[in-house]
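In case you want the letters, here they are:
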Amino acid sequence: SVWTIHDPWILTGNCIYPLECDQWKTGCKECNGKGDHRYEMPEKNMETMWQIKKSIFEKINPHIVVSCDYMYRYIKESPLTKHFDKVSVIPFGVDASRYVINKKDERKAELGLCPWKTTIGFRAENAEIKGCNYIYEALSELNLGEKIELVAMGAGVVSEDIKKKYSVVEM
């Protein structure tokens, strides 16, 4: 089996991103909600969920694939998975050269993009943990409306303030 793990949820009682909370290292006992980026549950039973994961993981040793050193450290530090000895880091495969667009390139026109503007593409997601708020904050502070355009991909909604200031293509 090869298992790709994208976030620390599998190592916690239920936090998708535990942030400053370290209770995922000790069983999520008496959860105080510091991580608080979790899936909804009818009742808070983080310790039970952590114990269930522990009872399953101690019986397996799958090949784990993560995309970055950040997740590799989580896997190696977790008492649930530290015994996993087949953990590989395989960065997401993006060949940036495929996306370099010459100003005269017809691909920009096909997307309705201006050939003389710099295009900034990003994943638009509404979940705060994904960080779009930082992109929007930076774009709000900058005055580059005539020099750049934005391509937003994802399920998130680009604010009307950003759309008024910049040319935005939502995909």
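Here the structure is shown first, and the text comes after it.
Each chain has its residues counted from 1, running along the sequence as written. For a predicted model such as this one, the threshold for reporting local features is a pLDDT of at least 70, and the threshold for listing and counting side-chain atom pairs is 80 or more; totals across whole chains, interfaces and linings nevertheless cover every residue. With hydrogens and water excluded, all non-hydrogen atoms of the structure serve as input to the side-chain values.

Draft legend 1. Molecular detail of the sheet that holds strand E6 (residues 167-170). The strand order E4-E5-E6 describes an open sheet built from three strands, whose pairing is parallel. Strands at the two margins of the open sheet, each flanked by one partner only, are strand E4 (118-123) and E6. The average undirected angle you get between the axes of adjacent strands in this sheet is 20°. Relative to E6, strand E5 (residues 148-153) runs parallel, the two sharing four bridges. Residue Leu150 lies in a different strand from E6, and its bridge partner there is Val168. For this analysis, residues touch if any pair of their heavy atoms sits within 4.5 Å. Only the stretch in contact is used when fitting a helix axis, every axis being a line fitted to C-alpha atoms; angles between N-to-C directions are given from 0 to 180 degrees. The helix count covers DSSP runs of H or I at least four residues long, the strand count covers runs of E at least two residues long, and both are numbered beginning at the N terminus. Sheet strands in contact with helix H4 (residues 132-141) are E4 and E5, and its direction is about 155° off that of E4. If DSSP finds at least two bridges between two strands, the strands pair.

Draft legend 2. Looking closely at the sheet that holds strand E1 (residues 2-4). The three strands lie next to each other as E1-E2-E3, forming an open sheet whose pairing is parallel. Each having just a single partner strand, E1 and strand E3 (87-89) make up the two edges of the open sheet. Shown here is a sheet whose adjacent strand axes are inclined to one another by a mean of 25°, direction ignored. Taken together, the three bridges between strand E2 (residues 63-66) and E3 define a ladder with parallel strand orientation. Following the sheet pairing, Ile64 is matched in E3 by Val87.

Draft legend 3. Region of the structure containing H4. Regarding H4, the residues found buried are Cys132, Tyr136 and Leu139. On an axial view of H4, the arc spanned by its buried residues comes to 65°, and they lie on one face. Structural note: H4 exposes Tyr134, Glu137 and Glu141 on the side pointing more than 90 degrees away from its buried face. Against the buried residues of H4 lie E4, E5 and helix H5 (160-165). Type-normalised accessible area, obtained with a 1.4 Å probe on protein chains alone, sets the label of each residue: buried when under 20%, exposed when over 50%, and partly exposed for intermediate values. The arc refers to the directions leading from the helix axis to the C-beta atoms.

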